[in-house]
Amino acid sequence: MVDGSTINGADTAWMMTSTALVLLMTLPGIALFYGGMVRRKSVLNVMACVVVICAMVSILWFAIGYSLAFTPGSGAMGHFIGGFERAGFAGLDYVKETGKVAVSHIAPNIPESVYSMFQLTFAIITAALVVGSFVERMRFSAVVIFMSLWTVIVYAPIAHWVWEPNGWLARLGVLDFAGGSVVHVNAGIAGLVCAYVLGPRRGYGSEPFTPVNLGLTMAGAGMLWVGWFGFNAGSAVASDGRAGLAMAVTHIAAAAGALSWMAAEWIVRRRPSLLGLCSGLVAGLVAITPASGFVSPRAALVIGLVAGAACYWGATGLKRLLNADDSLDVFGVHGVGGIVGSLLTGVFASKTISGAESSLLNQFIGTGSVALYSLLMTGVALWITSLIVSLRVGETSETDGLDISQHAERLGG
């Protein structure tokens, strides 16, 4: 608890705005982005999955997730997981009579209630991203159970490792400004595991899976681009020059990623596509995320260009090599983009900008550790879920579409 006069009003206002921007990325951003890419008979199911994840992760974050991720923990275990001091948001107090307010040791210039909410939006969107790997075939009850487990046993520990100063990757010096490994590598690997465990959609590879409405996908991509300013610039946890630079490099990388993917697709397939442009801008945003508070605009241009081409390959050639029905390319875009961005952070991070020493070896260790943990523990979460309910809907339900079979609803029009 500190005196309210020590709270920085500008920083607080920016962080509240950033929180709203990042939540906008999920609702309705991800819901529209993913919803437009699936077949008509499963659009509402995809959107329902995103909405339930938003609600469910919020309650879990309040109950235990925030405490496990962003308190120092105790003893040697504190390097791997936080404690229970903030369970149920205990201690996130404001006392009007004395003018006292709780702050986090990580963000002492803003109320901890704001910081915890900002971090909640990251937990929400990370879980929502995984949905794209198992659309049109995962039972809704399984989604609820699996994503609940995943948030607690996968996301919270990794966030602690990287972003809590006592976390072992933070102590090692791994740089991840806004979630290259915590969000994107983590979600990408989890999505790949889900795709393998559930198996391909019926008819995959032998019949067309025509997107219902790429206009929705473009609208969602636009919301992601705008919301990403809160994602990256908000991670400065201040309304300052670093936040301004993070916003600039985010925009440059997104634009470069869109053009790079478009160029690659134009060369390989002889024509550009709206879906490719949308995917490319997301690839650029993903890759700049870990570097956004550490690199110059010129480095951001390179990162975006590399990410657009790399993720195009990730969603095409690499996807064929892996032989996994990662339906909406969660690994191809977020996994590959997160790996590219995390490693290039070690190459381009400027001590002048960040005050931090960069190390390609440390970035490799951090990225590899997150990927391995996510791979193993996502498998565990799926296994536990399968002991409670069947992971996959039946053949008839899948053929009819998950809108009808899981929700008894149908898209109008």
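Summary of the structure given here. (Residues numbered from 1 in each chain as written. Predicted model: local features only at pLDDT ≥ 70, side-chain atom pairs only at ≥ 80, totals over all residues. Heavy atoms only, no water.)

Examining the overall build of the chain
Along the chain, the regular secondary structure elements total 16 helices and three strands. The globule rule puts the C-alpha radius of gyration for 413 residues at 22 Å, and the 20 Å found for the chain is close to it. Dimensions along the principal axes, computed over C-alpha positions, put the chain at roughly 65 × 45 × 40 Å. Here the chain holds 413 residues, and 56% of them are scored as buried. Long-range contacts, defined here as pairs at least 24 residues apart, represent 78% of the contacts in the chain between residues at least 6 apart. (Helix = DSSP H or I, 4+ residues; strand = E, 2+ residues; numbered from the N terminus. Rg over C-alpha atoms; globule rule 2.2 N^0.38 Å. Buried < 20%, exposed > 50% of the residue type's maximum accessible area, 1.4 Å probe, protein only. Contact = heavy atoms within 4.5 Å.)

Observations regarding the sheet that holds strand 3 (residues 100-101)
Pairing in this open sheet of three strands is antiparallel, and the strands run 1-3-2 from one edge to the other. The two strands at the open ends of the sheet, each matched to only one other strand, are strand 1 (2-3) and strand 2 (94-95). Both strand 2 and strand 3 contribute to a ladder of two bridges, which runs antiparallel. Counted as the bridge partner of Tyr94 is Val101 from strand 3. (Pairing = 2+ DSSP bridges.)

A look at helix 9 (residues 274-288)
Along an α-helix, residues three or four apart share an orientation, since each turn contains 3.6 residues. Taking 1.5 Å of rise per residue, 15 residues should cover 21 Å, and helix 9 covers 22 Å from first to last C-alpha, within 8% of that figure. With 12 of 15 residues buried, helix 9 is to be regarded as a mostly interior element. Turning to helix 9, its buried residues are Gly276, Cys278, Ser279, Gly280, Leu281, Val282, Ala283, Gly284, Leu285, Val286, Ala287 and Ile288. In this structure, the buried residues of helix 9 make contact with helix 1 (9-35), helix 6 (180-198), helix 7 (214-233), helix 8 (241-269), helix 10 (297-315) and helix 12 (330-348). (Expected span 1.5 Å × (residues − 1).)

Thoughts on the pattern of salt bridges
Pairs may arise between side chains of opposite charge once their charged atoms sit close together. Across all of its chains, the model carries 11 salt bridges by this definition. Between Arg86 and Glu112 there is a salt bridge, with the nearest N and O atoms lying 2.9 Å from each other. Here Arg86, found in the loop between helix 2 (43-70) and strand 2, pairs with Glu112, found in helix 3 (residues 112-130); they are 26 residues apart in sequence, far enough to count as distant. For Glu112, a relative accessible area of 4% corresponds to the buried category. (Salt bridge = Lys/Arg side-chain N within 4 Å of Asp/Glu carboxyl O.)

Considering empty space enclosed by the protein
The full count for this structure, using the stated rule, is two cavities of 30 Å³ or more. For the largest cavity, the calculated volume is near 40 Å³. In terms of lining residues, the largest cavity is bounded by Leu192, Gly314, Lys319, Leu322, Ala324, Asp326, Phe331 and Gly332. Broken down by secondary-structure element, the contributors of at least two residues to the lining of the largest cavity are helix 11 (317-322) and helix 12. When grouped by side-chain class, the residues that make up the lining of the largest cavity number four nonpolar, two polar and two charged. Empty space within the second largest cavity amounts to approximately 30 Å³. (1 Å grid on protein atoms, 1.4 Å probe; cavity = no way out; pocket = protein on both sides within 12 Å on 5 of 7 lines; lining within 4 Å. Points joined across faces, edges and corners; volume = space filled by probe spheres on them. Nonpolar A, V, L, I, M, F, W, Y, C, P; charged D, E, K, R; others polar.)

Concerning the layout of surface pockets
Of the voids in this model, the largest pocket is the one considered here, and its volume is about 780 Å³. Taken together, 35 residues make up the lining of the largest pocket; nearest its centre are Leu275, Ala315, Lys319, Ser327 and Asp329. When contributions to the lining of the largest pocket are tallied by element, the ones reaching two or more residues are helix 1, helix 8, helix 9, helix 10, helix 11 and helix 12. With four residues, the single largest contributor to the lining of the largest pocket is helix 9. Each residue belonging to the lining of the largest pocket can be placed in one class, and the counts come to 17 nonpolar, nine polar and nine charged. As a volume, the second largest pocket reaches approximately 420 Å³. What lines the second largest pocket is a set of 18 residues, among which Trp163, Asp176, Phe177, Ser235 and Phe294 lie closest to the centre. Elements with a contribution of two residues or more to the lining of the second largest pocket: helix 3 and helix 4 (140-163).

Some thoughts on the nonpolar core
Counting 120 residues, the largest nonpolar core has Tyr34 and Phe146 as its most contacted members. Ignoring sequence-local partners within four residues, the contact set of Phe146 consists of Val130, Phe134, Met138, Cys194, Thr378, Ala381, Leu382 and Thr385. (Core = buried A, V, L, I, M, F, W, Y, C linked by side-chain atoms within 4.5 Å.)

Section: unusual backbone geometry
For the bond from Leu27 to Pro28, the omega torsion is 10 degrees, close enough to zero to count as cis. For Pro28, the position within the fold is in helix 1. Phi is positive for Phe89, close to 55 degrees, though the residue is something other than glycine.

A short note on the packing of aromatic side chains
Considering all chains together, one arrives at 18 aromatic pairs under this definition. With a centroid separation of 5.7 Å and 65 degrees between ring planes, the pair formed by Trp161 and Trp168 is classed as edge-to-face. Relative accessible area serves as the criterion here: at 7%, Trp161 is assigned to the buried category. For Trp168, a relative accessible area of 26% corresponds to the partly exposed category. Chaining the aromatic ring pairs together yields one cluster made of Trp61, Phe62, Tyr66, Phe70, Phe89, Tyr115 and Tyr155. Geometry around Phe209 places Arg201 over its ring, the cationic atom sitting 4.4 Å from the centre. (Phe/Tyr/Trp six-rings, centres within 6.5 Å; stacked < 30°, edge-to-face > 60°. Lys NZ or Arg CZ within 6 Å of the ring centre and 35° of its normal.)

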